[in-house]
Amino acid sequence: METFTNKVDFAVIIMVNNANPNGDPLNGNRPRETYDGYGEISDVCIKRKIRNRLQDMGEKIFVQSEERADDGWESLSDRAKNNEKLKKALKEKDREQYRQAACEEWIDVRAFGQVFGFNDQKGMSEGIRGPVSIQSAFSVCPVMIDSMQITKSVNGAGKGKASDTMGMKHKVTSAMYVAKGSINHQLAQKTGFTDEDAEKIKEALRTLFVNDASAARPDGSMEVCKVYWWRHNCPMGQYSSAKVHRSLKISANTELPKCFEDYSITVEALEGLEPEVIEGV
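Residues numbered from 1 in each chain as written. Predicted model: local features only at pLDDT ≥ 70, side-chain atom pairs only at ≥ 80, totals over all residues. Heavy atoms only, no water.

Asks: Pulling in residues and values, what's your account of the overall build of the chain?
Replies: On a plain count of helices and strands, the chain comes out with eight helices and 14 strands. Seen along its three principal axes, the alpha-carbon backbone of the chain occupies a region of about 65 × 60 × 30 Å. Long-range contacts, defined here as pairs at least 24 residues apart, represent 67% of the contacts in the chain between residues at least 6 apart. Working note: accessible area of the chain is about 15,100 Å², and carbon and sulfur atoms make up 48% of it. (Helix = DSSP H or I, 4+ residues; strand = E, 2+ residues; numbered from the N terminus. Contact = heavy atoms within 4.5 Å. Areas by Shrake-Rupley, 256 points an atom, 1.4 Å probe, with all protein chains shown as cover.)

Okay, structure coming up:
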């Protein structure tokens, strides 16, 4: 049986040009910012895009977005309740069999983990910890956000009322973001995550914004420039993830960087550990 051999750390370099990479619903959908003005893309947002790409690649996904549901089920509850392997394990009250069946069925469960709740068993739940952890992405420099007032056409207005309403649209003019993550060997063993699964995650990261265009993120406005992929030579890893991630040094060459070439990217040498550098799409 194929297994996941050695620990992996990775970093994804993302360029944003005149797009809203991740709107904050509690702040009028403005691009997310830290308190000191740096742009942020939440880890949840990044995982959603990875799931979408894996689904595009033909993989079975448990946490599907509503508009992308491809198995006829409209909710996570229905998707779990109607899976024959999970139903059998639940009937036999076999937690280990339930976890194993869920991990075998869906790649996002064995990658990111999942909590399954059982309403008919006094609030019981089953939690699965996944080996793939991803941090929020942050911009290298503080971001500049442009806001414009727009007119939205609304056909649902009553007779005799204006069909247009006013709204706001926000965008980051230009910024480089860095997303970092790791794949843990111990947790991979528990969920059955394999080296083949890791390669699929790598490809999903490389093509993160394919089929992701929207009014807030037009095609070409979001780009993965490079993926840095460190595969250690032992299951537990030669270095801590923090040290590996710190080895990637990025700085702006100008006061107002506007493109990828306006940044300097270097990788500090770590003995025995060289990153694979993959060009993005």
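Let us keep going from here.
Asks: Explain the packing of helix 1 (residues 43–56) against helix 7 (residues 195–206) to me, and be specific about the residues and the numbers.
Replies: Look at helix 1 against helix 7: their axes get within 9 Å of each other, and the N-to-C directions meet at 110°. In terms of orientation, helix 1 lies roughly perpendicular with respect to helix 7. Counting all contacts with helix 1, which are made through Ile-50, Arg-53 and Leu-54, the residues of helix 7 involved are Lys-200, Ile-201, Ala-204 and Leu-205. (Axes fitted to C-alpha atoms, helices over the stretch in contact; angles between N-to-C directions. Parallel < 35°, antiparallel > 145°, perpendicular 65-115°, else oblique.)

Asks: Requested: an account of helix 7, with residues and values cited.
Replies: Under the 1.5 Å per step criterion, the end-to-end length of helix 7 is 17 Å for twelve residues, consistent within 8% with the ideal 16 Å. Considered for burial, the residues of helix 7 that qualify are Asp-195, Asp-197, Ala-198, Lys-200, Ile-201, Lys-202, Ala-204 and Leu-205. Buried residues along helix 7 sit against strand 1 (8–19), helix 1, helix 5 (107–112), strand 10 (164–183), strand 11 (222–231) and strand 14 (276–279). (Expected span 1.5 Å × (residues − 1). Buried < 20%, exposed > 50% of the residue type's maximum accessible area, 1.4 Å probe, protein only.)

Asks: Explain the nonpolar core residue by residue, including any values.
Replies: Residues Ile-50, Tyr-177, Ile-183, Phe-193 and Trp-229 are the most contacted members of the largest nonpolar core, which totals 39 residues. Breaking this core down by element, the ones donating at least two residues are strand 1, helix 1, helix 5, strand 7 (132–134), strand 10, helix 7 and strand 11. Looking at this core element by element, the count peaks at six residues for strand 1. Setting aside residues no more than four positions away along its own chain, Trp-229 makes contact with Val-8, Asp-9, Phe-10, Ile-183, Ala-198, Lys-202, Leu-205, Glu-274, Pro-275, Glu-276 and Ile-278. One finds Ile-13, Cys-225, Tyr-228 and Leu-270 within the second-largest nonpolar core, a separate group that totals 15 residues. (Core = buried A, V, L, I, M, F, W, Y, C linked by side-chain atoms within 4.5 Å.)

Asks: Just give me the short version of the pattern of salt bridges, but keep the residues and values in it.
Replies: Within this structure, the stated rule accounts for 24 salt bridges. Lys-49 is paired through a salt bridge with Asp-212; the nearest N and O atoms lie 2.9 Å apart. You can see Lys-49 sitting in helix 1 and its partner Asp-212 sitting in the loop between helix 7 and strand 11, a full 163 residues away along the chain. The closest approach of N and O atoms between Arg-95 and Glu-126, which form a salt bridge, is 2.3 Å. On the criterion of sequence distance, the pair formed by Arg-95 in helix 4 (residues 95–105) and Glu-126 in strand 6 (residues 124–129) is long-range, its members being 31 residues apart. Among the charged side chains, a network of salt bridges with common partners joins Arg-95, Glu-96, Arg-99 and Glu-126. (Salt bridge = Lys/Arg side-chain N within 4 Å of Asp/Glu carboxyl O.)

Asks: Give me helix 1: which residues, what numbers.
Replies: The first and last C-alpha atoms of helix 1 sit 20 Å apart over 14 residues, in line with the 20 Å expected at 1.5 Å per residue. Turning to helix 1, its buried residues number three or more, namely Cys-45, Ile-46, Lys-47, Lys-49, Ile-50, Arg-51, Asn-52, Arg-53, Leu-54 and Gln-55.

Asks: Describe in detail a negative patch on the surface, supporting the description with residues and values.
Replies: Side chains of Glu-66, Glu-67, Glu-74 and Asp-78 sit close together on the surface and give a patch of like negative charge. Position of Glu-66 relative to the elements: it lies in the loop between helix 1 and helix 2 (76–81). (Patch = residues over 30% accessible without salt bridge, like charges linked within 9 Å, V, L, I, M, F, W, Y side chains within 5 Å. Lys, Arg positive; Asp, Glu negative; His and termini not counted. Charge placed at Lys NZ, Arg CZ, Asp CG, Glu CD.)

Asks: I'd love a proper account of the environment of Glu-59, names of residues and values included.
Replies: Mapping Glu-59 onto the fold places it in the loop between helix 1 and helix 2. Looking at Glu-59, the relative accessible area reads 17%, which means it is buried. As for Glu-59 and Trp-106, which are separated by 47 residues in sequence, their C-alpha atoms are 7.6 Å apart. Excluding residues within four positions of it along the chain, Glu-59 makes contact with Leu-54, Ile-107 and Lys-200. There is a polar contact of 2.9 Å between the side chain of Glu-59 and the side chain of Lys-200. (Polar contact = N/O pair within 3.5 Å; in protein donor to acceptor, adjacent residues only side chain to side chain.)

Asks: Please provide a residue-by-residue account of the packing of aromatic side chains, values included.
Replies: The description of an aromatic ring pair uses the distance of the two centres, along with the angle that the planes make with each other. One pass over the structure, following the stated rule, counts six aromatic pairs. Summarising the aromatic geometry, the rings of Phe-62 and Trp-106 are spaced 4.7 Å apart at their centres and angled 50° between planes, so their arrangement reads as tilted. With Phe-62 in the loop between helix 1 and helix 2 and Trp-106 in the loop between helix 4 and helix 5, this pair connects stretches of sequence that are 44 residues apart. For the pair shown, Phe-62 and Trp-106 are each scored as buried. Between Tyr-228 and Trp-230, the aromatic rings sit 6.2 Å apart at their centres with planes inclined by 25°, giving stacked as the arrangement. The pair formed by Tyr-228 and Trp-230 is uniform in burial state, with each residue classed as buried. (Phe/Tyr/Trp six-rings, centres within 6.5 Å; stacked < 30°, edge-to-face > 60°.)

Asks: Can you tell me about the side chain of His-232, naming the residues and giving the values?
Replies: Tracing the backbone through its elements, the reader meets His-232 in the loop between strand 11 and helix 8 (241–246). Only 2.7 Å separates the side chain of His-232 from the side chain of Asp-9, close enough to count as a polar contact. Within polar-contact distance, the side chain of His-232 engages the backbone nitrogen of Gln-238 at 2.9 Å.

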